[in-house]
Amino acid sequence: MDTAIDIALKLVAITVAFTVVLLIVAYTVLAERRVLGLIQGRLGPNRVGYGGVLQPFADLLKFILKEDIVPDKSTRFIYFLAPVIATMAALMTMIVYPFGPEIAIPFTNITIPLTIARFDIGLLYVLGITSIGVYGIMLAGWSSNNKYSLMGGLRSSAQMISYELALGMSLIGVIMMAGTLDLGQVVENQSAWHGTHWYVLFQPLGFIIYLIAAIAETNRVPFDLPEAETELVAGFHTEYSAMKFALFFLAEYINMFTVSMLATTLFFGGWNVPFLDLILARGTFLFGLISALGFIFKICVFLFIYIWLRGTLPRFRFDQLMNFGWKFLLPVALLNIFLTATLIYFFPNL
Amino acid sequence: MLALLFILFAGLAIGCGLAVVAQRNPLYSAISLIGVFISLACLYVMLAAPFIAAVQVIVYAGAIMVLVVFVIMLLNVEQEERGRPRLKFLVPVAVALAAILIAEVAFILVSVQEFRVNPTSAPSDVGLTHSIGAQLFTRYLLPFEITSILLLMAIVGAMTLARRGGLLPPNARVVPGAQVLPLSMVDPNAEPDDLRPVEADTSDEAARTLGITDFRNQSKRD
């Protein structure tokens, strides 16, 4: 009976987390269009609702009502499977992140953790699921029976293989300092010094490598070669329309959100709001709420950086992309591991 | 509950495993193999070995199979022709091997009966990252180091095979930016259909490799 209640609680938690995240993601799309408009000296969508606040729902309605076109010579089953893999892999990483500290529900004796699942290998789980996500793009490119799609899928897989290494290596510095792969524990470690013991202070190089590799992993500008409009029409999703296209679109923005979440969790203190424990007692409801909001705020800063980059940077050429990943990022990431080991050797108490 | 999950994942693993050999399309086989790896990872989690499970997904499903699928897509391997099987003499060998395998499984089922433990009843830290790391760097240090040297050798070997300088003609020419020009376009004395590339990052490096000293003047010529 206890397991049944446990599972039910987890399901509720997952539903709440997914709803919140999907809402934020929907508004990221709107924010992207408005900020791009700002950067490019135009308005962006501002007609649906006050200042365009209902635009995400209008877009969703449009995607649902559009005709769903399936190419005649496509490989049906895989063509349907690809967007599902992409979206599922993007959503599945959500469950291990600590959204906030344990909070006490007011007027009861119940304390709940703001994490859905906490386990020993949280970080490896995230990396594993992320590496599965690339199949969505690859299979979409292959099954569409379109040369532009195939090129997009191939580019995506080559890019993922190249940048996943640098991404993993850049995180090893943090793992070495934290001494654990459990994301909850990593955030707890950063609570020292009144919540300002952020690992970015000791791992600036690792953070920069992570930021660059994460942009490449999510196929965003300036690494958006799998969907380079000037060369490949729309890349791997050329043949996708209506809701299936919307799923790829959604997966891209959820991935943006999750890599921002990982950056915040590992480098920027997770839910730790600096000096909050001087004002409020840890474990109170208000402390938990402000911490969780702080976490979301930090993620939004990263999302803004993403949009900013998209508005200002041109696209790489493919050989530049490969040279940069293998000949620059990877050696620098290895150097970072060496530097971190030296740091830990001389200052074991950091 | 655990038994149900075990039946689910074990069934998935066996089903996907059968699909790997039964499918005629190499890409379907590859996808089935990914299914096998993921089901096995789930079984590892149930056996309280989360680290092995994560590594299984990251290394096999996430890296090696991406490469396999990449190659299948790149070469555009067509569906295998369903012709007469050629290696017929191997059938008795296969039957014998299968019999041995079944015998092994039966032996294990019979002999290990008494030592069956419920994986959830005794919490153990054997499968956790910390204990695996500690064991690898203390008790099993030598095998660990030997394995890493083996991997290093494999990397060096792959590099040597990939960039065998002797295979390239001394007068091949490449323009940085991955555009290969026919040699006849730049050198009037060359054979008209020599397209083989030489490795170079910049025009100057390419010129040096080719032994062209007045490269700048040559490019101005046309």
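Cut-offs and rules
Residues numbered from 1 in each chain as written. Chains lettered and ligands numbered in written order. Predicted model: local features only at pLDDT ≥ 70, side-chain atom pairs only at ≥ 80, totals over all residues. Helix = DSSP H or I, 4+ residues; strand = E, 2+ residues; numbered from the N terminus. Rg over C-alpha atoms; globule rule 2.2 N^0.38 Å. Contact = placed C-beta atoms within 7 Å. Nonpolar A, V, L, I, M, F, W, Y, C, P; charged D, E, K, R; others polar. Core = buried A, V, L, I, M, F, W, Y, C linked by C-beta atoms within 7 Å. Buried ≥ 20, exposed ≤ 12 C-beta atoms within 10 Å, placed from the backbone. Axes fitted to C-alpha atoms, helices over the stretch in contact; angles between N-to-C directions. Parallel < 35°, antiparallel > 145°, perpendicular 65-115°, else oblique. Left-handed = near helix turned anticlockwise from the far one by under 90°. pLDDT = per-residue confidence, 0-100.

Peer 1: Help me understand the overall build of chain A, please; the structure alone is not making it clear to me.
Peer 2: If you tally the helices and strands in chain A, you get 13 helices and two strands. Taking 2.2 N^0.38 as the reference for a compact globule, 350 residues should give roughly 20 Å; the C-alpha atoms of chain A span a radius of gyration of 21 Å, in line with that estimate. Considering only intrachain contacts with a sequence separation of at least 6, the fraction spanning at least 24 residues in chain A is 79%.

Peer 1: Please clarify how the interface of chain B and chain A should be interpreted in this entry.
Peer 2: Interfaces are often described in size by the accessible area the parts lose on coming together. Contacts between the two partners involve 20 residues from chain B, matched on the other side by 22 residues from chain A. Looking at which element gives the most residues to the side of chain B that touches chain A, the answer is helix α3 (residues 50-75) of chain B, with 14 residues. Of the residues that constitute the side of chain B that touches chain A, the class distribution is 17 nonpolar, three polar and no charged.

Peer 1: How do you make sense of the nonpolar core when you look at a structure like this?
Peer 2: When a protein is soluble and globular, its nonpolar side chains tend to lie buried together. Grouped together as the largest cluster of nonpolar side chains are 112 residues, with contacts concentrated most on A:A86, A:A213 and A:F257. Among all residues touching A:A86, those that are not within four sequence positions of it are A:G133, A:G136, A:I137, A:L247, A:F248 and A:A251.

Peer 1: Any chance you could explain unusual backbone geometry here in plain terms?
Peer 2: When glycine is set aside, most residues are seen to have a negative phi, and most peptide bonds are trans. Residue and element names in this part refer to chain A. Here the phi dihedral of W193 falls at roughly 55°; this positive angle occurs in a residue that is not glycine. Mapped onto the fold, W193 is located in helix α7 (residues 192-195). For W193, a count of 13 C-beta atoms within 10 Å corresponds to the partly exposed category.

Peer 1: Help me out: how do you make sense of the packing of helix α5 (residues 147-178) of chain A against helix α8 (residues 204-217) of chain A in this one?
Peer 2: Axes are the key here: two packed helices are described by the angle between their axes and the distance separating the axes. Residue and element names in this part refer to chain A. In contact at an axis separation of 8 Å, α5 and α8 are set at 150° when each is read in the N-to-C sense. If you check the angle between α5 and α8, you find them roughly antiparallel. Seen from above, α5 lies across α8 with left-handed handedness. Every residue of α8 that contacts α5 at Q159, M160, Y163, E164, A166, L167, S170, L171, G173 and V174 is listed here: G206, I209, Y210, A213, A214, A216 and E217. Residues of the contact of α5 with α8, tallied by class, amount to 11 nonpolar, four polar and two charged.

Peer 1: Just to check I follow, could you spell out the packing of helix α3 (residues 76-92) of chain A against helix α10 (residues 242-267) of chain A for this structure?
Peer 2: All names here are of chain A. Viewed as axis vectors pointing N to C, α3 and α10 meet at an angle of 25°, and their least axial separation amounts to 8 Å. When the axis of α3 is compared with that of α10, the two are roughly parallel. The two elements α3 and α10 cross, and the hand of that crossing is left-handed. Between α3, through P83, A86, T87, A90 and L91, and α10, the contact on the second element is made entirely by K244, L247, F248, L250, A251, I254, N255 and T258. Of the residues contributing to the contact of α3 with α10, the split by class is nine nonpolar, three polar and one charged.

Peer 1: Is there a simple way to explain the confidence of the model for chain B in this structure?
Peer 2: Reading predicted coordinates in detail is not appropriate for stretches of low pLDDT. Residue and element names in this part refer to chain B. In this model, chain B carries a mean pLDDT of 75, and residues with pLDDT of at least 70 account for 63%. For residues 166-170, every residue scores under 50 in pLDDT, and the model assigns this stretch four contacts once sequence neighbours within four places are set aside. This model gives residues 175-179 a pLDDT under 50, and the stretch forms seven contacts once residues within four places in sequence are excluded. Scoring of the predicted complex yields 0.80 for pTM and 0.82 for ipTM.

Peer 1: What am I meant to see in the environment of A:I175 here?
Peer 2: All names here are of chain A. If you trace the backbone, I175 turns up in helix α5. On the basis of neighbour counts, which here come to 19 C-beta atoms within 10 Å, the residue I175 falls in the partly exposed class. Remark: the alpha-carbon pair of I175 and I307, spanning 132 residues in sequence, is separated by 29 Å.

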